[in-house]
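Report on the structure
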Amino acid sequence: MSLLFGDTPKAINLLSIGERGVGKTVFLVGSYTESNHSHDGDRHTKLWFDCEDHGAHENIQGVLNYIAQTGHYPPPTMKISDFTFSLKQQRFWGTQTLCNFRWWDMPGEICDLNNRQFQSMVLSSQGCCVFINAYSLIHEPAYLDSVKDIIELVTAIASLIKHHNLQYPMGLIFTQCDRLEAGPLGQLQIEKCLEPLIIRLENARTNYRRFYSSIPIVRIDGTPVLRASGSADGLVWVTSELCKARSVQSEQDLATSLSQSTSLDQGVSTPRRPGFTLGLISAGVIGFLTVGFALTSLWSTQHPQQAQATQRTVQDHQNVLTRDPNNLDSLISVYDHYVEVGQLAKAVPLLERIVAQKPTHLDLKFNLADLYELTGDKQKAEATYDAILTAQPQDVKAIVGKGILRGEAGDLQTAQSLFQQAENIAVTQEAKGKIKEIAAQTLQTKAPTNTTKP
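All of the points below concern the structure found in this document. Positions within a chain are numbered from 1, following the residues in the order the chain's sequence is written. Local features in this predicted model are restricted to residues whose pLDDT is 70 or higher, and side-chain atom pairs enter the listing and the counts only when it is 80 or higher, whereas totals over whole chains, interfaces and linings include all residues. Remark: hydrogens and water are excluded; side-chain values derive from all non-hydrogen atoms of the structure.

Let's talk about the overall build of the protein chain
- Counting from the N terminus, the helices are DSSP H or I runs at least four residues long and the strands are E runs at least two residues long. A tally of helices and strands in the protein chain yields 19 helices and nine strands.
- A buried classification covers 49% of the 454 residues belonging to the protein chain.
- The method behind every accessible area is Shrake-Rupley, applied with a 1.4 Å probe, and residues are considered shielded solely by the protein chains displayed. Put simply, the protein chain shows about 22,300 Å² of open surface, and 50% of that area lies on carbon and sulfur atoms. We call a residue buried when its accessible area falls under 20% of the maximum for its residue type, exposed when it is over 50%, and partly exposed in between, using a 1.4 Å probe and counting protein chains only.

This is the structure in structure tokens:
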């Protein structure tokens, strides 16, 4: 493999996406051990991972010790851990470090775009590995439905990458392939079951590849050990793609690339402001789509014939607003434009005027609260939640939103009370569980975290 690299190795952030227990941690440890064992025999062509970070090395060794002592895989990850590695290759003149990368290993529950911590990680990443349990995919009919949120998440990221023409490689890692029939038949079964995601990635022209990971536990001299096969290939490919991509620089994460892409599209310089990176994913991928759908639905309902007509240009709509400041059609169009280019401060007064015309449309008020928060006006965001609760005192989403803001302000007692209120009102166990998760994340931000080995 020929890699393009500079004198200074790139620093890369990689994301892992997958449901709880899919095997992300075992994959990482297996990739590390496999690459180190395989490069010894043919040092001038093989790539391998090196780990000089003491904490990460202890975590890896902890997993290997657990397997050696119990003969079982470790339990699913309960906390977010990061591992720092180097991708290296032996050249004729010595060892070459091609890149340094940080891998975030996180619980499956965190892989949710409604989770603010995960939003931040997505925006800070430059590539990702997506994990699917191949055995469950083929043998458990309900499995595909259980990972539909993961599929939607990956599709959303792929669509964003396509829209902005970004360099962001994705590795599809199919775990537990050692439990399936070896060879092409097993791979065909996997791809048949996952056809909806594959079609979406192909349509988005995503830079992705599929990898089939086998990491069984075997006994060598009576001691249980991991015997990885094919796991390192996926991680090597993702990191190698980023090494070759001249447009991807150290510290140039997804948020920076999006900001630069937007600036180039508009021919102007868009500053990276506080809260903007969070807004790109929550609003740009999911939240802003929700805003757009809500506004489009509202407008189309009132203007069924106009909805079929060719849209005016942004400048045309701005001209309309100079003559008619409350023209709903133009307010929506210009608002959408400012959101798309990341000029959130300019979008605020437009959405305020839209909400003023539709005071009973609570979805718009939620969007306004989000926009206030993204632009740093948390006082107005909380006031908006209060207005929603005046109309609907039992609105769980508004109670949780206010609880998050109270927690971020340091008012933990009120935040805890609000989260408890929301949990009591929530109907389903799934909703109650999500509220507990949000409460734990919000309240823990004010307390020190402890680091433990897996």
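Brief notes about helix α16 (residues 378–391)
- To estimate the expected span of a helix, count its residues, drop one, and scale the result by 1.5 Å. Under the 1.5 Å per step criterion, the end-to-end length of α16 is 20 Å for 14 residues, consistent within 8% with the ideal 20 Å.
- Of the residues making up α16, those classed as buried are A381, E382, T384, Y385, I388 and L389. For α16, the angular spread of buried residues about the axis comes to 155 degrees, placing them on one side. Along α16, exposed side chains directed more than 90 degrees from the buried face belong to Q379, T390 and A391.
- Residues count as neighbours in contact if any of their non-hydrogen atoms are within 4.5 Å of one another. Buried residues along α16 sit against α15 (362–374) and α17 (396–408). Directions pointing from the helix axis toward each C-beta atom define the arc.

With respect to the nonpolar core
- Counting 72 residues, the largest nonpolar core has L15, W103 and M170 as the members making the most contacts within it.
- Sequence-distant contacts of L15, that is, excluding residues within four places in its chain, are made with W104, M106, F118, M121, V122, S125, G127, C128, C129 and Y168.
- For the purposes of this section, nonpolar cores are sets of buried Ala, Val, Leu, Ile, Met, Phe, Trp, Tyr and Cys residues that join through side-chain atoms within 4.5 Å. Counting residues in each nonpolar core, the second largest holds 39 residues, with L328, L371, Y372 and A439 among its members.

A few points about the pattern of salt bridges
- In what follows, salt bridge is the name for a side-chain nitrogen of Lys or Arg lying within 4 Å of a carboxyl oxygen of Asp or Glu. Per the counting criterion, the structure on display carries nine salt bridges.
- For K148, the salt bridge is made with D145, and the minimal N-O distance between the two is 3.9 Å.
- Of the residues examined, D145 reaches a relative accessible area of 52% and is grouped as exposed.
- Put simply, E382 and K402 hold a salt bridge, and the shortest N to O gap is 2.7 Å. Taken together, the residues E382 in helix α16 and K402 in helix α17 connect sequence positions 20 residues apart.
- The exposure class of K402 is buried, given its relative accessible area of 14%.

Section: the packing of α15 against α16
- Between N-to-C directions, angles span 0 to 180 degrees; the directions come from axes that are lines fitted to C-alpha atoms, helices contributing only their stretch in contact. It is at 7 Å that the axes of α15 and α16 come closest, and there the two elements cross at 160 degrees. It follows from the interaxial angle that α15 and α16 lie roughly antiparallel. Crossing geometry of α15 relative to α16 is assigned as left-handed. Contacts between α15 and α16 involve L362, K365, F366, A369, D370, Y372 and E373 on the former and, on the latter, K378, K380, A381, T384, Y385 and I388. For this classification, under 35 degrees means roughly parallel, over 145 means roughly antiparallel, 65 to 115 means roughly perpendicular, and everything else is oblique. Left-handed describes a crossing whose near helix is turned anticlockwise from the far helix through less than a right angle; right-handed describes the clockwise counterpart.

So, the packing of α16 against α17
- The geometry of α16 relative to α17 is characterised by a closest axis approach of 9 Å and an angle of 150 degrees between their N-to-C directions. Viewed along their axes, α16 and α17 adopt a mutual orientation that is roughly antiparallel. Two packed elements cross with a definite hand, and for α16 against α17 that hand is left-handed. Judged by residue contacts, K378, A381, E382, Y385, D386, I388 and L389 of α16 engage A398, I399, G401, K402, L405, R406 and E408 from α17.
- Note on residue categories: nonpolar means Ala, Val, Leu, Ile, Met, Phe, Trp, Tyr, Cys or Pro, charged means Asp, Glu, Lys or Arg, and polar means any other residue, Gly included. Taken together, the residues of the contact of α16 with α17 sort by class into seven nonpolar, one polar and six charged.

What about the packing of aromatic side chains?
- Between 30 and 60 degrees the pair is tilted, below 30 it is stacked and above 60 it is edge-to-face, where a pair is any two Phe, Tyr or Trp rings, Trp via its six-membered ring, whose centres lie within 6.5 Å. Considering all chains together, one arrives at 10 aromatic pairs under this definition.
- Centre to centre, the rings of F49 and F101 are 5.5 Å apart; their planes meet at 75 degrees, and the pair counts as edge-to-face. Placement of F49 in strand β2 (residues 47–50) and of F101 in strand β4 (residues 94–105) is noted, with a sequence separation of 52 residues between them.
- Classification of F49 as buried rests on a relative accessible area of 1%.

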